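Below are the chains, spelled out letter by letter.
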Amino acid sequence: MAKITKLDDIVSLCKRRGFIFQSSEIYGGLASCYDYGPLGVELKRNVRKAWWKSVVQTRDDVVGLDCSILMHPLVWKASGHADKFADLIAECKKCNTRSRIDHLKEKSNTADDEHTEHISIDAAQAHAHDLTNKICPACGAVGNFTEPMPFRLMFETQMGANVDDSMKMFLRPETAQGIFVNFRNVLDTARVKIPFGIAQIGKSFRNEVTTKAFIFRTREFEQAELEFFCEPGTDEKWYEHWKEKRFNWYLALGIKKENLQFRQHDPDELAHYAKACVDIEYKFPFGSGDWQELEGIANRTDYDLRQHQRGIRTLNDWFENNNDLSKIQLKAEDPDYHKGPLSYFDQENKKRYIPYVIEPSAGIDRSTLAFLVDAYDEEQVRGETRNLLRFHPQLAPIKTAVFPLVKKEGMPDTAKKICNELKKYFNCFYDQKGAIGRRYRRQDEAGTPFCVTIDGQTKEDNTVTLRDRDSMEQIRLSTDKLSGYLRKKLEM
RNA sequence: GCGGGUGUAGCUCAGCGGUAGAGCGUCACGUUGCCAACGUGAAUGUCGUGGGUUCAAGUCCCAUCACCCGCUCCA
């Protein structure tokens, strides 16, 4: 079991071994942003690769996609993300409770304010000008608020070099919408039939109110999302299918069972689009020992595709309002929505419907860290502490290290030759520096599953020793068999 | 956002007004025939950043940035 007990230890481990650094560190750091170092980038790539292999490569019913991060602003109107913009929050100076200012009540006015629709920030700001009469719902203090602060969920940027006619754009807050928007394209070109899924891995951006906790909640993060389209009525079956499939994926890659659990969402905490949602949680060894979400699996119903059908109908308003999202209301849904442009026609049963969607949405950064932390181990060997990372071979940043036992009798040359041969198939590391034991331990720390050592006997009978990371046991192997043996062991 | 804490070598930390330090790690040379061996030598710091006080500031004061813990928030 990992000996790490504090987040500080994890941060230190990541830095020391070159897995994760703070962004812009020499400038004092940038909050909530992190960089992957030489070992970290390999680990993360392997996590992506393992996800893709499990979700796309080995299945007949899932295809991949890679969408742009910038999308048509109406996408975010239709998805509901853009409306979050009007949330203006003020904080009570007395009790530090934050409230949406449009939910605050007047002291003199006992009648309930009408529930405010989301409006543009400018409009809301004008409304919110005067908080002197507003009451804090928590402590009852009157007019004792901080300046209203807009709560921006999405990152903004502009498209177009000319300042005057540049268009305000958003960095995507989830990769899912790129998939929904391409549903028709994939359907028309990939010869897929429902049930089928579209998978994507990519960066997303969210202006979280608080970040903290290392890379668990960052504003820029990487998601691996699958939108699995199925016929309404079969959605619950597929929900169960993906729950099990995804949970087992973590286990198969070495996460210890006692550190992994499901957490079912209560109906009142479900997102507006979801019929059901469950989190896969990992027990990160924070001070508090809290379970943290690695992945959410949601039944998104037909919500998104139906919303985008409304979005398409709103396109004229968009042009008429000079591309100003804040002036646009989404058009009502067509009563015949189930025959709309994003519907699916089932040739076999002559049925047309809007498919339901099951969405497993995993955080690549979070699971990368979970794999890292879960693999960490310390053990006593001959009175010394051996630190090692027991990565699953598929995830190990370096698969094999090759050493000459000593720097003479041509051993380095032979070792280099073998290393270069193995590099054709996987990451392989050559090292001739220092005592052999030290080199083994260095690789243990990097999580390298195998070490190959060339010794005096190699010249005589063409064999090498192969040392196993976890057991430290050694076997002799003929060099002709080395590559095949390793590839089999490494599942590559 | 609030409260508390921490920033000194790659890492862990000592130094708390008076020449910038240790352990581990890194590098070089030698030695070394299988698990962090040994010897010799070497490199490395705007003491997070910016101001101030002082003859003199890692050290005291102010601001700022970043991180951690606990709230709060968020999904």
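Given the structure is predicted, the values throughout are model-derived calculations rather than measurements.

## Some details on the sheet that holds strand 12 (residues 220–230)
Across the sheet, which stays open at both edges, the seven strands sit in the order 3-11-12-18-15-14-13 with mixed pairing between neighbours. This sheet does not close on itself; its edge strands, each paired only once, are strand 3 (62–64) and strand 13 (260–264). Pairs of neighbouring strands in the sheet enclose a mean axial angle of 25 degrees, with direction left out of account. Where strand 13 lies against strand 14 (residues 276–283), five bridges are found, and the strand directions are antiparallel. Across the sheet, the residue bridging to Gln261 is Glu281, located in strand 14. In this fold helix 2 (residues 38–57) packs onto strand 3, strand 11 (196–205), strand 12 and strand 18 (356–363), with an angle of close to 160 degrees to the strand it touches most, strand 11. Contacts between helix 7 (residues 235–252) and the sheet are confined to strand 3, strand 12, strand 13, strand 14, strand 15 (291–301) and strand 18, with strand 15 contributing the most and set at about 155 degrees to the helix.

## A short note on the environment of Met167
Looking at the secondary structure, you find Met167 in strand 10 (residues 167–170). Of the residues examined, Met167 reaches a relative accessible area of 25% and is grouped as partly exposed. When the C-alpha atoms of Met167 and Phe262 are compared, they prove to be 42 Å apart, with 95 residues separating the residues in sequence. If we skip the residues at most four places from it in the chain, Met167 touches Pro73, Thr157, Gln158, Met159, Trp318 and Asn323.

## Concerning the pairing of strand 24 (residues 463–468)
Of all the six residues making up strand 24, five are buried; the element is thus mostly covered by neighbouring parts of the structure. Sheet topology note: the strand 23 (residues 450–454)/strand 24 ladder contains four bridges and is antiparallel. Residue pairing for strand 24: Thr453 is matched across the bridge by Thr465. With five bridges joining them, strand 24 and strand 25 (residues 474–478) adopt antiparallel strand pairing. Of the residues in strand 25, the one forming a bridge with Val464 is Leu477. Linking strand 24 to strand 25, which pair antiparallel, is a turn of five residues; within it Met472 sits at a positive phi near 65 degrees.

## Considering the packing of helix 2 against helix 10 (residues 364–375)
As a packed pair, helix 2 and helix 10 sit with axes 10 Å apart at the nearest point and diverge in direction by 110 degrees. As judged from the angle between their axes, helix 2 and helix 10 are roughly perpendicular. Viewed along their axes, helix 2 and helix 10 form a crossing whose handedness is right-handed. From helix 2, Leu43, Lys44, Val47 and Arg48 reach across to helix 10, where they touch Ile364, Asp365, Ser367, Thr368, Phe371 and Leu372. In terms of residue class, the contact of helix 2 with helix 10 is made up of five nonpolar, two polar and three charged.

## Some words on the packing of aromatic side chains
This model, assessed by the stated rule, comprises 18 aromatic pairs. Aromatic side chains Phe19 and Phe391 sit 6.2 Å apart centroid to centroid with 65 degrees between the ring planes, which places their arrangement in the edge-to-face category. Here Phe391 lies in the loop between strand 20 (384–389) and strand 21 (400–404) and Phe19 lies in the loop between helix 1 (7–16) and strand 1 (20–22), a separation of 372 residues in the sequence. Accessibility assignment for this pair places Phe19 and Phe391 in one class, buried. On the numbers, 4.5 Å between centres and 45 degrees between planes, the contact of Phe228 with Trp238 is tilted. In this pair, Phe228 sits in strand 12 while Trp238 sits in helix 7, placing the two residues 10 residues apart along the sequence. A residue is classified by how much of its surface remains accessible, and Phe228, at 0% relative accessible area, is buried. Within the aromatic cluster, the residues linked to one another by ring pairs are Phe180, Phe183, Phe196 and Phe229. The side chain of Lys243 reaches across the aromatic face of Phe262, ending 5.0 Å from its centre.

## A few points about the confidence of the model for chain A
Confidence in the prediction for chain A averages 86 pLDDT; 84% of positions are at 70 or higher. Listed scores for the predicted complex are pTM 0.88 and ipTM 0.87.

## Description of unusual backbone geometry
Ile194 connects to Pro195 through a cis peptide bond whose omega is 5 degrees. The topology assignment puts Pro195 in the loop between helix 6 (183–189) and strand 11. Positive phi is not limited to glycine here, since Asn322 has a value of about 55 degrees. Relative to the assigned elements, Asn322 resides in the loop between helix 9 (315–320) and strand 16 (344–346). One non-glycine residue, Lys350, lies in the positive phi region at around 50 degrees. Secondary-structure assignment places Lys350 in the loop between strand 16 and strand 17 (351–353). What makes Lys350 exposed here is its relative accessible area of 58%.

## Points about the sheet that holds strand 24
Think of a sheet as strands paired side by side through backbone hydrogen bonds, with each pair either parallel or antiparallel. The five strands are arranged 22-21-23-24-25 in an open sheet whose pairing can be described as mixed. The open sheet is flanked by strand 22 (428–430) and strand 25, the only strands paired with a single partner. For this sheet, the mean angle separating the axes of adjacent strands, direction not counted, is 25 degrees. In the packing of helix 14 (residues 479–489) onto the sheet, the strands contacted are strand 21, strand 23, strand 24 and strand 25, and the crossing angle to strand 25 comes to about 125 degrees.

Thresholds, definitions, all that
Residues numbered from 1 in each chain as written. Chains lettered and ligands numbered in written order. Predicted model: local features only at pLDDT ≥ 70, side-chain atom pairs only at ≥ 80, totals over all residues. Heavy atoms only, no water. Pairing = 2+ DSSP bridges. Helix = DSSP H or I, 4+ residues; strand = E, 2+ residues; numbered from the N terminus. Axes fitted to C-alpha atoms, helices over the stretch in contact; angles between N-to-C directions. Contact = heavy atoms within 4.5 Å. Buried < 20%, exposed > 50% of the residue type's maximum accessible area, 1.4 Å probe, protein only. Parallel < 35°, antiparallel > 145°, perpendicular 65-115°, else oblique. Left-handed = near helix turned anticlockwise from the far one by under 90°. Nonpolar A, V, L, I, M, F, W, Y, C, P; charged D, E, K, R; others polar. Phe/Tyr/Trp six-rings, centres within 6.5 Å; stacked < 30°, edge-to-face > 60°. Lys NZ or Arg CZ within 6 Å of the ring centre and 35° of its normal. pLDDT = per-residue confidence, 0-100.

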